Structure formats: C-alpha cells, structure tokens
Amino acid sequence: MSHCIFCLENKELTDEHIILKALGGGLSAKLLCKECNSKFGEGLDAEFRNQIQNRIARFTEGIFGRGKRLQGPFEGVEGEIPNLNARIVGGKDFDFKIVSEPEIKISSDKIEVKCAFPENVSVDYVRKTVEYALRRELREKFPKLTEERMNRQVESWMRSFSANEISKQSCDYVVFHDTISLGALELSYEKIAYELACMCFGEEYYLKSATAEILRKEIIEGNRGAKHHCCICPEIGLVSEL
C-alpha cells in the first residue's frame, strides 16, 4: 500500500486494527495515514466501541482497553429506582452507587429531613448522605457561616440524628436507559468490510473501484442518511435486578 485508503494521499501509513483492538480484534494492516486513523479512532470507532452491547461484551469476555483496565459495562450510566427519590450510577464492575437526594428544611428551632432509601442500604451510608446534604443546605442558606461553626452545628445535629428513622422501602429492580445507534453500527460494519476488501484486493480496488468509492464516501461523510433513518429502536430501556 502506498496511499491511505480514505484520503487517498501518498503518506506514511500506520497500523489499522480492522476489528477494534478494544473489542478483541487482532487483525491489522497498514491501511490508514496517521491523520485518518486518529479521525476515525476518535469518532466512529469510539462511538461503536462505547455502545452498551459492546461494553457488556467487553466486560464479560474480559477484554482490556488501551488503559490496561477492564471497564465496567455500566460505568457512568445512570439509572433510577422506581418510586424512590434516589438514582444509581454504574461503577467499575457490575456494582452500583446509590445516590439519594434528601430534602432538608432548616428552621429556627429544628431540622427536618425527608428521604427514602432501598432497604438494603447500610445505616452508615444513610448518615453520610444526610450529613453531606445538610452541609450543602447550610452553605446555601447561611453563606457567611464559618467552617468551624458549621462543623459544630452539623456534629451537634448528627449526634441526635437516628438513621433508623429514615424511610426504607423494598426495591426489586432498577431501570436504565441507553441508546444504541443503528446508524453507527451500519457505518462500522461498512468500514470493516471496506478495509477487508482493501487488504485483500490492494490498491487497484480502492483507487478505481466504483463500489469502493461509494463505501469510502459514505464512511467519510458519516452516512447521514443511515444515521437519520435507522430509528427502528432509538432507545432501549435496560432493566437490571439489584
């Protein structure tokens, strides 16, 4: 190969993983220049790699990324706990962090806390969450309050606080929402097919073939038609049991 298969310029070529290395691909060839490799790596390849079905596959198959770390399939994905004032955020494993938003009302003679947690949440977690919310509310309501006085106020109130009095409710499942882009899937499969054909048939194919020209144009331009018309299932609600 003497020309980049996308920009068609005569440049120094770099190794391109035809099936993404982050998805376990081992087949590579010198097909793309550094600029095109970087462009597709940060764009289409990243969008394909980070779709939920691929994140789950990577985790269950134990495929490590460039950072030498196994990424959690729901890492950074937020869900909700039905009928509770709480949400969860996916962690680095199949674990979840529960984030509750207590409602705190401060008057001259008392502090009222209203919140609910799933029944399997520990007392320590409830106390820490309420204390954090209390500090936030004090800062907003009394911006001139010194840190020292705030600490005394919080410590005094937390001594009389009983986490056992906070409402705990049964919760059997959590609902996640994520989007699978069918347009990005189609483009990624087209890119794989185009790169395989270029590797097998050589320079004559991608410089002169009408089929190669159509594929190359769709991939470079982002196949806008596919992205707009692939909306059979734009959003899939994922239900995961706690």
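Residues numbered from 1 in each chain as written. Predicted model: local features only at pLDDT ≥ 70, side-chain atom pairs only at ≥ 80, totals over all residues. Heavy atoms only, no water.

Asks: Would you mind showing me how to read the overall build of the chain here?
Replies: Looking only at helices and strands, the chain has nine helices and 11 strands in total. In the chain, 58% of the contacts between residues at least 6 apart in sequence involve partners at least 24 apart. Of the roughly 14,600 Å² that the chain leaves accessible, carbon and sulfur atoms contribute 50%. (Helix = DSSP H or I, 4+ residues; strand = E, 2+ residues; numbered from the N terminus. Contact = heavy atoms within 4.5 Å. Areas by Shrake-Rupley, 256 points an atom, 1.4 Å probe, with all protein chains shown as cover.)

Asks: Mind showing me how you'd approach a nonpolar patch on the surface here?
Replies: A surface patch of nonpolar side chains, amounting to about 220 Å² of accessible area, comprises Leu27, Leu196 and Met199. As for its placement among the helices and strands, Leu27 is situated in the loop between strand 1 (13-17) and strand 2 (28-33). (Patch = residues over 30% accessible without salt bridge, like charges linked within 9 Å, V, L, I, M, F, W, Y side chains within 5 Å. Salt bridge = Lys/Arg side-chain N within 4 Å of Asp/Glu carboxyl O.)

Asks: Just checking my understanding: could you explain unusual backbone geometry for this structure?
Replies: Keep in mind that most residues, glycine aside, have a negative phi and that most peptide bonds are trans. One non-glycine residue, Leu8, lies in the positive phi region at around 65°. Mapping Leu8 onto the fold places it in the segment before strand 1. Judged by relative accessible area, Leu8 falls into the partly exposed class, the value being 29%. (Buried < 20%, exposed > 50% of the residue type's maximum accessible area, 1.4 Å probe, protein only.)

Asks: Just checking my understanding: could you explain helix 6 (residues 182-201) for this structure?
Replies: Since the α-helix packs 3.6 residues into each turn, any two residues three or four apart lie on the same face. The end-to-end C-alpha distance of helix 6 is 28 Å, a good match for the 28 Å that 20 residues give at a rise of 1.5 Å each. Listed as buried for helix 6 are Gly183, Ala184, Leu185, Leu187, Ser188, Glu190, Lys191, Ile192, Tyr194, Glu195, Ala197 and Cys198. Two residues or fewer past helix 6, Gly202 is found with a positive phi of approximately 80°. (Expected span 1.5 Å × (residues − 1).)

Asks: How should the packing of aromatic side chains be read in this particular structure?
Replies: Pairs of aromatic rings are described using the distance from one ring centre to the other and the angle between the two planes. All chains considered together, the criterion is met by six aromatic pairs. Seen from their ring centres, Phe201 and Tyr205 are 5.8 Å apart, and the 45° between their planes marks the pair as tilted. Classification of Phe201 as exposed rests on a relative accessible area of 58%. Among the aromatic side chains, those forming a connected cluster through ring pairs are Phe6, Phe40, Tyr194, Phe201 and Tyr205. The positively charged end of Lys39 is found above the aromatic ring belonging to Phe40, 5.5 Å away from the centroid. (Phe/Tyr/Trp six-rings, centres within 6.5 Å; stacked < 30°, edge-to-face > 60°. Lys NZ or Arg CZ within 6 Å of the ring centre and 35° of its normal.)

Asks: Hey, could you run me through the pattern of salt bridges in this one?
Replies: When the charged atoms of two side chains with opposite charge come close together, those side chains can pair. The full count for this structure, using the stated rule, is 10 salt bridges. A salt bridge links Glu35 to Lys11, with the nearest nitrogen and oxygen atoms 3.7 Å apart. Placement of the pair is Glu35 in helix 1 (residues 34-42) and Lys11 in the segment before strand 1, with a sequence separation of 24 residues. For the salt bridge of Glu147 with Arg139, the shortest nitrogen-to-oxygen distance reads 3.7 Å. A relative accessible area of 44% means that Glu147 is categorised as partly exposed. One connected set of salt bridges, linked through shared partners, spans Glu16, Asp45, Lys191 and Glu195.

Asks: Is there a simple way to explain the state of the cysteines in this structure?
Replies: Covalent bonding between the sulfur atoms of two cysteines defines a disulfide. Under the defined criterion, the tally for this structure stands at zero disulfides. Looking at Cys4, it has no disulfide partner, and the nearest cysteine sulfur is the one in Cys36, 3.7 Å off. (Disulfide = S-S within 2.5 Å.)

Asks: Any chance you could explain the nonpolar core here in plain terms?
Replies: The tendency in soluble globular proteins is for nonpolar side chains to be buried as a group. In this structure, Ile81, Val126, Leu134, Trp157 and Phe161 are the most contacted members of the largest nonpolar core, which totals 34 residues. Listed by contribution, the elements that provide at least two residues to this core are strand 4 (86-90), strand 6 (103-106), strand 8 (116-118), helix 4 (123-141), helix 5 (147-160) and strand 10 (173-178). Beyond its immediate chain neighbours, meaning those up to four positions away, Ile81 contacts Ala86, Ile88, Ile98, Pro118, Cys171 and Val174. In terms of nonpolar packing, the next biggest core, distinct from the first, is built from 22 residues, Ile18, Leu32, Cys33 and Ala197 among them. (Core = buried A, V, L, I, M, F, W, Y, C linked by side-chain atoms within 4.5 Å.)

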